[in-house]
Amino acid sequence: MHILITAGPTREPLDPVRFISNRSTGKMGFALAKVAAEAGHVVTLIAGPVTLETPARVRRIDVETAGQMLEAVQREMQACDVFISCAAVADWRPAVCSVTKLKKSEMPGVLQLVRNLDILETVRPLKGHRCFVGFAAETGNPEQEGMRKLRDKGLDWLVANDVTEPGAGFAVDTNRVILFSSDGREERLPLLPKVEVARRILACVQTSFTSAGMV
Ligand code: PMT
């Protein structure tokens, strides 16, 4: 299979030195890329700004903003069989980005923001036979929000994690996730190293792919 994965945060600049971002380190997405490449899949990894090394045999495309990540996903979509959207894409960006550093006196007291496009929703018309996997980063009630995002985003699989739980979510080497599928399957995994979580996610994806007759 050819697997397209997004990982890490995006950065939305306010000026050349300041930005809005989030706490994603890319560890979960890079674990998926590593495990998928080790399993013999062709892997394209679109990475936001992170400090991780590219796993062996993975083709990596670096981006910074949500807009750049969307463009890269649109460009790479045609060639892939599976799209895993693990990146923590910023939902908002500053309405104006100054080309020079804003002086303290020029900083607005209230920051005006505009919505970024949702990448998964934007590329949904390109889905066709492809398997789409999304993540849900929640701060409580991952079941309800996970199921909602699975439906609303038209996904085959949704991986929900509660990022307030010790050992799960951002920046750590472990994660605890619940997988929901569009055909009603649900798999609750215990706290595991992110590479093992990645293996389980890929095994689920493989079952969907095989049952759809696309080996
Ligand atoms: O990178 P780590 O430090 O290892 O942390 C891992 C993680 C917590 C980032 C990861 O496990 C995770 O939960 N990733 C998804 C983070 C997220 O943005 O969740 P969300 O619930 O806000 O978004 C839901 C889905 O929509 C995600 O698949 C996201 O990639 C996608 N999305 C979100 C916003 C947007 N503008 N476009 C999108 O496609």
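Our structure is the block above this text.
Residues numbered from 1 in each chain as written. Predicted model: local features only at pLDDT ≥ 70, side-chain atom pairs only at ≥ 80, totals over all residues. Heavy atoms only, no water.

Taken across its six residues, strand β4 (residues 42-47) has five buried, putting it largely inside the fold. Pairing of β4 with strand β5 (residues 58-62), which is carried by five bridges, proceeds in the parallel orientation. Pairing of alanine 47 across the sheet is with aspartate 62, part of β5. (Buried < 20%, exposed > 50% of the residue type's maximum accessible area, 1.4 Å probe, protein only. Helix = DSSP H or I, 4+ residues; strand = E, 2+ residues; numbered from the N terminus. Pairing = 2+ DSSP bridges.)

Next up on the list: the site of the ligand. Within the structure, the ligand sits among 28 residues, and Ser24, Thr25, Ser85, Lys149 and Asn161 are positioned closest to it. Within the contact set of the ligand, an oxygen atom lies 2.8 Å away from a backbone nitrogen or oxygen of methionine 28. The backbone of serine 85 places a nitrogen or oxygen atom 2.7 Å from an oxygen atom of the ligand. In the complex, the protein chains occlude 96% of the 780 Å² of accessible area that the ligand would expose alone. Put simply, the parts of the chain that give the shell around the ligand at least two residues each are α1 (27-38), α3 (119-123) and β9 (131-138). Here the residues of the shell around the ligand are counted per class, giving 14 nonpolar, eight polar and six charged. (Near = heavy atom within 4 Å. Polar contact = N/O pair within 3.5 Å; in protein donor to acceptor, adjacent residues only side chain to side chain. Areas by Shrake-Rupley, 256 points an atom, 1.4 Å probe, with all protein chains shown as cover. Nonpolar A, V, L, I, M, F, W, Y, C, P; charged D, E, K, R; others polar.)

Here the structure, examined in full by the defined rule, presents one aromatic pair. Look at phenylalanine 83 and phenylalanine 132: their rings are 5.4 Å apart centre to centre, the planes differ by 80 degrees, and that puts the pair in the edge-to-face class. A residue pair is termed long-range when its members are at least 10 positions apart, and phenylalanine 83 in strand β6 (residues 82-85) and phenylalanine 132 in strand β9 qualify at 49 residues. There is no split in this pair, since phenylalanine 83 and phenylalanine 132 are both buried. Here the basic side chain of arginine 115 rests over the ring of tryptophan 92, its NZ or CZ set 5.0 Å away from the ring centre. The side chain of lysine 127 reaches across the aromatic face of phenylalanine 132, ending 5.6 Å from its centre. (Phe/Tyr/Trp six-rings, centres within 6.5 Å; stacked < 30°, edge-to-face > 60°. Lys NZ or Arg CZ within 6 Å of the ring centre and 35° of its normal.)

Glancing now at the nonpolar core. Core analysis: the biggest nonpolar cluster contains 35 residues, and Ile5, Met28, Leu32, Ile84, Phe135, Leu179 and Ile201 have the highest contact counts within it. Looking at this core, the elements with two or more residues in it are β1 (2-7), α1, β4, β6, β9, β10 (157-162), β12 (177-181) and α5 (194-211). If one sorts the elements of this core by residue count, α1 sits on top with eight residues. Contact partners of methionine 28, with chain neighbours within four places excluded, come to Cys86, Phe135, Asn175, Lys194, Val197, Ala198 and Ile201. The next biggest cluster of nonpolar side chains, apart from the first, holds 23 residues, and it includes Ile46, Ile61, Val73 and Phe83. (Core = buried A, V, L, I, M, F, W, Y, C linked by side-chain atoms within 4.5 Å. Contact = heavy atoms within 4.5 Å.)

The bulk of non-glycine residues show a negative phi, and the bulk of peptide bonds are trans. Notably, arginine 57 is not glycine yet its phi reads approximately 60 degrees, a positive angle. As for its position among the elements, arginine 57 is in the loop between β4 and β5. The phi angle at alanine 171 is positive, at roughly 75 degrees, despite the residue not being glycine. Counting through the fold element by element, alanine 171 comes out in the loop between β10 and β11 (174-175).

In this section: the side chain of aspartate 162. Residue placement: aspartate 162 occurs in strand β10. Polar contacts involving the side chain of aspartate 162 include one to the side chain of threonine 164, which spans 2.6 Å. Other than its neighbours up to four places away in sequence, aspartate 162 contacts Glu138, Thr139, Gly140, Pro142, Ala168 and Arg176.

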